[in-house]
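Chain and residue survey
What follows is the residue order along each chain.
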Amino acid sequence: VRIVQQLLSAGGVVVRRDRHGTRVLVLHHADTDEWRLPKGKLRAGESAADAARREVFEETGLVAEALSYLGVTHYFYPNPAGAGCISKFVFFFEMNPGDGMVRLEPIFDDAEWLPPSAAMARLSWDNEAEMVERATSWR
């Protein structure tokens, strides 16, 4: 397998802890019919934590605080532009959403605040479910 591009991304496990319990924000991507966590590519010179904050804001409208680093996922997918594959690393952070309301970026058509076990079951990718478990299992 020939790797034609290496991507670095960052994202957040946005966790709300209040009188209703612990809930995690999951997003539904309209085009791919996937439930996922907010994430996106790092910009030149941007730290992973800064990218996670920016991406969560762009995708959800929430001004979220990065609390702790959860780890990195790594996966490959076919190059949409042709031959070979893309290698992608995603750095994840537990994030506090503050008091804002979710305002979705147009590529998403739904968002839900779910208890951790329901969020892990809903997510389309096991590596993202693992990050939810890391963010919520210690409390």
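Just above sits the structure.
Residues numbered from 1 in each chain as written. Predicted model: local features only at pLDDT ≥ 70, side-chain atom pairs only at ≥ 80, totals over all residues. Heavy atoms only, no water.

1. Digging into the overall build of the protein
Tallying secondary structure elements over the protein gives 3 helices and 7 strands in all. Tracing the protein from N to C terminus, the helices and strands come up as β-β-β-β-α-β-β-β-α-α. On the principal axes, the C-alpha backbone points of the protein span a range of 50 × 30 × 30 Å. Put simply, of all contacts in the protein between residues at least 6 apart along the chain, 70% involve residues at least 24 apart. Counting every atom, the protein has about 7400 Å² of accessible surface; 53% of that belongs to carbon and sulfur. Where the 16 positive side-chain charges of the protein centre and where its 20 negative ones centre are 3 Å apart. (Helix = DSSP H or I, 4+ residues; strand = E, 2+ residues; numbered from the N terminus. Contact = heavy atoms within 4.5 Å. Areas by Shrake-Rupley, 256 points an atom, 1.4 Å probe, with all protein chains shown as cover. Lys, Arg positive; Asp, Glu negative; His and termini not counted. Charge placed at Lys NZ, Arg CZ, Asp CG, Glu CD.)

2. Topic: the nonpolar core
V13, V24, V26, L37 and V132 are the most contacted members of the largest nonpolar core, which totals 16 residues. Among the elements of the structure, β1 (3-18), β2 (21-29), β6 (85-96) and α3 (126-136) are those that each provide at least two residues to this core. No other element matches the 4 residues that α3 contributes to this core. Excluding anything up to four places from it in sequence, V24 contacts V13, V14, V15, L37, E112, W113, L114, P116, A119, V132 and T136. A48, A49, A51 and L62 belong to the second-largest nonpolar core, a separate cluster that totals 15 residues. (Core = buried A, V, L, I, M, F, W, Y, C linked by side-chain atoms within 4.5 Å. Buried < 20%, exposed > 50% of the residue type's maximum accessible area, 1.4 Å probe, protein only.)

3. As for the environment of E128
Tracing the chain through its elements places E128 in helix α3. As a C-alpha pair, E128 and I86 span 42 residues in sequence and 18 Å in three-dimensional space. Residue contacts for E128: discarding those within four places in its chain leaves R36, L37, K39, F92 and L123.

4. Focus on helix α1 (residues 48-60)
Compared with the 18 Å implied by 1.5 Å per residue over 13 residues, the 18 Å span of α1 between its first and last C-alpha is a close match. By the burial criterion, the buried members of α1 are A48, A49, A51, A52, R54, E55, V56, E59 and T60. Elements that come into contact with the buried residues of α1 comprise β1, β2, β3 (34-36), β4 (39-41), β6 and β7 (108-114). Among the residues trailing α1, G61 stands out with phi positive, at a value near 80°. (Expected span 1.5 Å × (residues − 1).)

5. Considering the pattern of salt bridges
In the structure shown here, the tally under the stated rule is 11 salt bridges. Ionic pairing is found between E94 and R17, a salt bridge with its closest N-O pair at 2.8 Å. Taken as a pair, E94 in strand β6 and R17 in strand β1 lie far apart in primary sequence, 77 residues in all. Taking the relative accessible area as the measure of exposure, E94 reaches 1% and is therefore buried. (Salt bridge = Lys/Arg side-chain N within 4 Å of Asp/Glu carboxyl O.)

6. Overview of a negative patch on the surface
A cluster of like negative charges, contributed by D31, D33, D109 and D110, occupies part of the molecular surface. On the secondary structure map, D109 appears in strand β7. On the basis of relative accessible area, D109 is assigned to the partly exposed category, the value being 48%. (Patch = residues over 30% accessible without salt bridge, like charges linked within 9 Å, V, L, I, M, F, W, Y side chains within 5 Å.)

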